[in-house]
Amino acid sequence: MISASVPSLFRKESSIMKPVISDAIVYIGVSDHTIDLFENQYPVPNGMAYNSYVILDDHVAVMDTADVRVSEAWRENLSAALGDRTPDYLIVSHMEPDHCANIAWLAEQCPDMKIVGNVRTFPMLKQFFGQDYKDRAVLVKDGDILSLGTHTLQFFTAPMVHWPEVMVTYEQSEKVLFSADAFGKFGALDVEEDWTCEARRYYFNIVGKYGIQVQALLKKAAPLSIQTICPLHGPILKENLGFYLEKYQTWSSYQPEEEGVFIAYASIHGHTKEAALLLESLLKEAGAPHVSIADLSRADIAECVEDAFRYSHLVLCSSSYDGGIFPPMEDFLHHLQAKAFQNRKVALVENGSWAPSAGRGMKAILDTMKDLTICPDIVTIRSALSPESEEGLRNLSKELLAL
Ligand code: FEO
């Protein structure tokens with residue numbers, strides 16, 4: 001038995017939601033509604049879940065810990081799941097602090113507990129906690145197996161999904177994949193919401209850059225017979241697993257999920273916004289199957305990144321500024337660049353009252369990205385819409401859809 005006591009420093013209000021996996025595999029994660037920004041950058045209006053699990057067998061394994069924000073609730077859940085038993089193993093799938101924060105505490109509470117990780121896990125333990133637990137390390141590599149009794153764990157490294165030390169664990173008897181950050185989403189577990197929307201926003205902003213590595217993980221997982229996916233965030237997935245695997249296949253291969261246009265605009269005084277709104281109606285008239293539009297000065301940039309990846313076509317409309325691009329657009333383009341945005345059809349609209357510069361600037365950033373088809377004609381607005389620039393937008397809408 002371990003004590004769930006926690007320093008008052010770590011006490012945070014949080015709600016607890018306990019999905020049922022099986023008699024032997026117990027959920028001990030925590031849903032956190034006190035958080036506003038995940039990773040201190042992504043808005044999470046519906047909170048965040050830090051998932052963690054205990055497997056009770058002849059030997060007991062704890063599957064990851066949880067964020068410092070929810071230490072108290074996680075320790076209580078762990079204590080309740082363990083009863084009078086103590087963990088024999090801690091499996092460390094991921095060393096990011098939203099999962100590793102309680103490792104040192106647990107190691108101290110359970111001096112006989114072994115810590116299971118790969119060659120990249122232990123140096124990070126030393127970095128975060130000042131020691132690498134060499135005396136109780138179980139070093140595993142791809143395909144290695146650990147028997148807990150009737151449950152058997154098999155480990156598969158998944159480097160860069162999302163950090164280099166990430167590994168996933170397949171439990172053979174119940175066919176459960178503990179998938180680390182993969183198949184996760186934003187949002188607490190006690191909020192009902194569509195999986196795809198917040199899983200997509202999570203995917204492209206957290207691991208969007210690492211499509212090749214996600215593809216490699218999907219290949220490793222393909223021969224496994226999986227009945228349940230237990231991610232480190234978001235709901236436990238038990239039904240229709242093909243749906244989630246197909247989404248990951250599409251997202252990680254940088255294929256658009258839907259035919260449609262995302263218009264992102266950055267407008268100083270509203271004239272560029274007017275052009276974007278006109279283009280929205282022209283694209284609908286021209287038969288675009290779906291048109292979505294966002295004001296980059298106000299929208300959640302993570303959601304804009306999501307929409308840019310979601311649709312087949314992207315239009316960027318920006319004011320010129322200081323001889324370059326209006327900063328909200330420049331910032332958005334740098335986000336797309338960082339997430340390896342690629343393989344989309346793009347059109348550009350610029351506005352400038354004396355020396356339009358946004359088009360050239362946007363094109364220069366887009367030219368660093370892979371497999372973009374960019375409309376050769378940039379529509380230039382001089383201060384406000386005119387019959388000529390309206391005609392330019394009309395032509396652009398047709399040109400873009402014909403790409
Ligand atoms: Fe949920 Fe990459 O940590």
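Residues numbered from 1 in each chain as written. Predicted model: local features only at pLDDT ≥ 70, side-chain atom pairs only at ≥ 80, totals over all residues. Heavy atoms only, no water.

A. Seen up close, empty space enclosed by the protein. Scanning all chains against the criterion turns up two cavities of 30 Å³ or more. Space inside the largest cavity adds up to approximately 50 Å³. Around the largest cavity, the lining residues are Val168, Leu177, Ser179, Ala182, Phe183, Leu217, Leu218, Ala221 and Leu245. Sort the elements by how many residues they give to the lining of the largest cavity and helix H6 (residues 211–221) lands first, with three residues. Broken down by class, the residue content of the lining of the largest cavity amounts to eight nonpolar, one polar and no charged. Space inside the second largest cavity adds up to approximately 40 Å³. Grouping the amino acids of the lining of the second largest cavity by side-chain chemistry returns seven nonpolar, two polar and one charged. (1 Å grid on protein atoms, 1.4 Å probe; cavity = no way out; pocket = protein on both sides within 12 Å on 5 of 7 lines; lining within 4 Å. Points joined across faces, edges and corners; volume = space filled by probe spheres on them. Helix = DSSP H or I, 4+ residues; strand = E, 2+ residues; numbered from the N terminus. Nonpolar A, V, L, I, M, F, W, Y, C, P; charged D, E, K, R; others polar.)

B. Looking closely at the confidence of the model for the protein. Chain-level statistics for the protein give a pLDDT mean of 95 and a share of 96% at 70 or above. In this model residues 4–16 is a low-confidence stretch, pLDDT under 50, and it forms 31 contacts with partners more than four residues away in sequence or in other chains. (pLDDT = per-residue confidence, 0-100. Contact = heavy atoms within 4.5 Å.)

C. Focus on helix H9 (residues 301–310). Buried residues dominate H9, accounting for nine of its ten residues. Where H9 is concerned, the buried positions are Ile301, Ala302, Cys304, Val305, Glu306, Asp307, Ala308, Phe309 and Arg310. Looking at the buried side of H9, the elements it contacts are strand E4 (42–43), helix H5 (195–207), strand E16 (258–266), strand E17 (291–295), strand E18 (311–321) and helix H10 (327–338). (Buried < 20%, exposed > 50% of the residue type's maximum accessible area, 1.4 Å probe, protein only.)

D. Examining the sheet that holds strand E12 (residues 152–157) more closely. The five strands lie next to each other as E11-E12-E13-E14-E15, forming an open sheet whose pairing is mixed. The sheet terminates laterally at strand E11 (145–147) and strand E15 (228–230), the two strands that pair on one side only. When strand polarity is set aside, the average angle formed by the axes of neighbouring strands in this sheet is 20°. For E11 and E12, the ladder comprises three bridges, and the chain directions are antiparallel. Residue pairing across strands places Leu146 opposite Leu153, the latter belonging to E12. (Pairing = 2+ DSSP bridges. Axes fitted to C-alpha atoms, helices over the stretch in contact; angles between N-to-C directions.)

E. Molecular detail of the sheet that holds strand E10 (residues 137–139). Spatial ordering of the open sheet is given by E1-E6-E7-E8-E9-E10, a layout of six strands whose pairing is mixed. Each of the sheet's edge strands pairs with one partner strand only, and the pair in question is strand E1 (25–27) and E10. Taking each pair of neighbouring strands and ignoring which way they run, the sheet shows an average axis angle of 25°. Here E1 runs beside strand E6 (residues 53–56); their pairing, made up of three bridges, is antiparallel. Bridging from a neighbouring strand, Tyr27 pairs with Tyr53 of E6.

F. Summary view of the nonpolar core. Counting residues in each nonpolar core, the largest one holds 94 residues, and the members touching the most others are Phe38, Leu316 and Phe332. Counting residues per element, this core draws most heavily on H5, at seven residues. Contact partners of Phe332, with chain neighbours within four places excluded, come to Phe262, Ala264, Leu296, Ile301, Cys304, Val305, Ala308 and Leu316. (Core = buried A, V, L, I, M, F, W, Y, C linked by side-chain atoms within 4.5 Å.)

G. A look at the pairing of E17. Burial analysis of E17 places four of its five residues in the buried class, the great majority of the element. The sheet contact formed by E16 and E17 spans five bridges and is parallel. Each bridged residue has a counterpart across the sheet, and for Val261 the counterpart in E17 is Val291. Assessed by its sense of winding, the connection that carries the chain from E16 through helix H8 (residues 271–285) to E17 is right-handed. (Right-handed = clockwise from strand over helix to strand, strands pointing away.)

H. Focus on the side chain of Glu280. Within the secondary structure, Glu280 sits in helix H8. Look at Glu280 and you get buried, because its relative accessible area is 15%. Dropping the residues within four chain positions of it, Glu280 is found in contact with Ile263, Val291 and Ile293.

I. The layout of surface pockets, seen in detail. If you add up the space inside the largest pocket, you get close to 330 Å³. Of all the secondary structure elements, the ones that give two or more residues to the lining of the largest pocket are H8 and E18. No other element matches the three residues that E18 contributes to the lining of the largest pocket. For the lining of the largest pocket, the residue count by class is four nonpolar, 13 polar and one charged.

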